[in-house]
Amino acid sequence: MTTPRIPPVRIGQGYDVHAFGAGDHIMLGGVRVPHSRGVLAHSDGDVILHALCDAMLGALALGDIGQHFPPSDMRWKDADSSDFVRHCDGLLRERGWQVGNTDVTVICERPKVGPHALAMRERIAALLQLPLDAVSIKATTSETLGFTGRGEGIAAQAVVLLVAL
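Describe in detail helix α4 (residues 117–128), supporting the description with residues and values.
Taking 1.5 Å per residue as the helical rise, α4 with its 12 residues ought to reach 16 Å, and the 16 Å between its terminal C-alpha atoms agrees with that figure. Looking only at α4, the buried set comprises Ala 117, Met 120, Ile 124, Ala 125, Leu 127 and Leu 128. Projected down its long axis, α4 shows its buried positions confined to an angular sector of 160 degrees, all on one face. Here the buried face of α4 lies against β2 (25–28), β3 (31–34), α1 (47–59), α3 (81–94), β5 (97–107) and β6 (135–140).

Spelled out as structure tokens, the structure:
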């Protein structure tokens, strides 16, 4: 009996959500976005980068962001989520993988993501050493339904394709 050959690609998906709280901006995709609210979070609460980390970790069955950066650990209090992405990217590369591309969807009524999407794509591309066309940022509303529709918070979904180095 032979061991099945694993193709040199892996897929991961991630999801993150944060409630809105006091503040005058939120971090999205490593970009400071002006907003009438902030987010309630242990770190900077960047739902895009958190979902991206979970997708990266999930593709290689390495757990989730909470296992690597637990909210009970004060080292991560108010941490820049770009550091989380760098750490996850390092874990992938140590194992012979890299992100080939990523597709992210932000779910919220406000703030408007479109005016900031290019800056987010550029930031993520730089963090992961990818060409710009390998990073997609999209946004949608939930048509006033649920917590995002009521303006109580923000969510993001991310998918990554990993390719062997």
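On we go.
I'd like a description of the pattern of salt bridges, backed by residues and values.
As enumerated under the stated definition, the model contains eight salt bridges in all. Asp 78 is paired through a salt bridge with Lys 77; the nearest N and O atoms lie 3.9 Å apart. The class for Lys 77 is partly exposed, based on a relative accessible area of 40%. Two residues, Asp 83 and Arg 86, come together in a salt bridge whose shortest N-O distance is 2.7 Å. On the criterion of helical spacing, the pair formed by Asp 83 and Arg 86 is a turn pair, its members being three residues apart in helix α3.

Could you give an account of the pairing of β6, with specific residues and numbers?
Where β5 meets β6, six bridges bridge the pair, whose relative direction is parallel. Following the sheet pairing, Val 106 is matched in β6 by Ala 139. Once you follow β5 into α4 and on to β6, the crossover reads as right-handed.

Summarise the nonpolar core; cite the residues concerned and give the values.
Counting residues in each nonpolar core, the largest one holds 47 residues, and the members touching the most others are Leu 28, Ile 48 and Ile 154. Going through the elements one at a time, β2, β3, α1, α3, β5, α4, β6 and β7 (153–164) are the ones with two or more residues in this core. Of the residues forming this core, the biggest block, 10 residues, is contributed by α1.

Hey, could you go over the packing of α1 against α3 for me, with residue numbers and the actual values?
Contact geometry of α1 with α3 gives a least axis separation of 9 Å together with a crossing angle of 15 degrees. Here α3 runs roughly parallel to α1, going by the angle between their axes. α1 and α3 meet at a crossing whose hand is left-handed. Residues Leu 49, His 50, Leu 52, Cys 53, Met 56 and Leu 57 of α1 form the contact with α3, whose own contacting residues are Ser 81, Ser 82, Phe 84, Val 85, Cys 88, Asp 89, Leu 91 and Leu 92. Classifying every residue of the contact of α1 with α3 by side-chain character gives 10 nonpolar, three polar and one charged.

What counts, and at which threshold
Residues numbered from 1 in each chain as written. Predicted model: local features only at pLDDT ≥ 70, side-chain atom pairs only at ≥ 80, totals over all residues. Heavy atoms only, no water. Helix = DSSP H or I, 4+ residues; strand = E, 2+ residues; numbered from the N terminus. Expected span 1.5 Å × (residues − 1). Buried < 20%, exposed > 50% of the residue type's maximum accessible area, 1.4 Å probe, protein only. Arc of directions from axis to C-beta. Contact = heavy atoms within 4.5 Å. Salt bridge = Lys/Arg side-chain N within 4 Å of Asp/Glu carboxyl O. Pairing = 2+ DSSP bridges. Right-handed = clockwise from strand over helix to strand, strands pointing away. Core = buried A, V, L, I, M, F, W, Y, C linked by side-chain atoms within 4.5 Å. Axes fitted to C-alpha atoms, helices over the stretch in contact; angles between N-to-C directions. Parallel < 35°, antiparallel > 145°, perpendicular 65-115°, else oblique. Left-handed = near helix turned anticlockwise from the far one by under 90°. Nonpolar A, V, L, I, M, F, W, Y, C, P; charged D, E, K, R; others polar.

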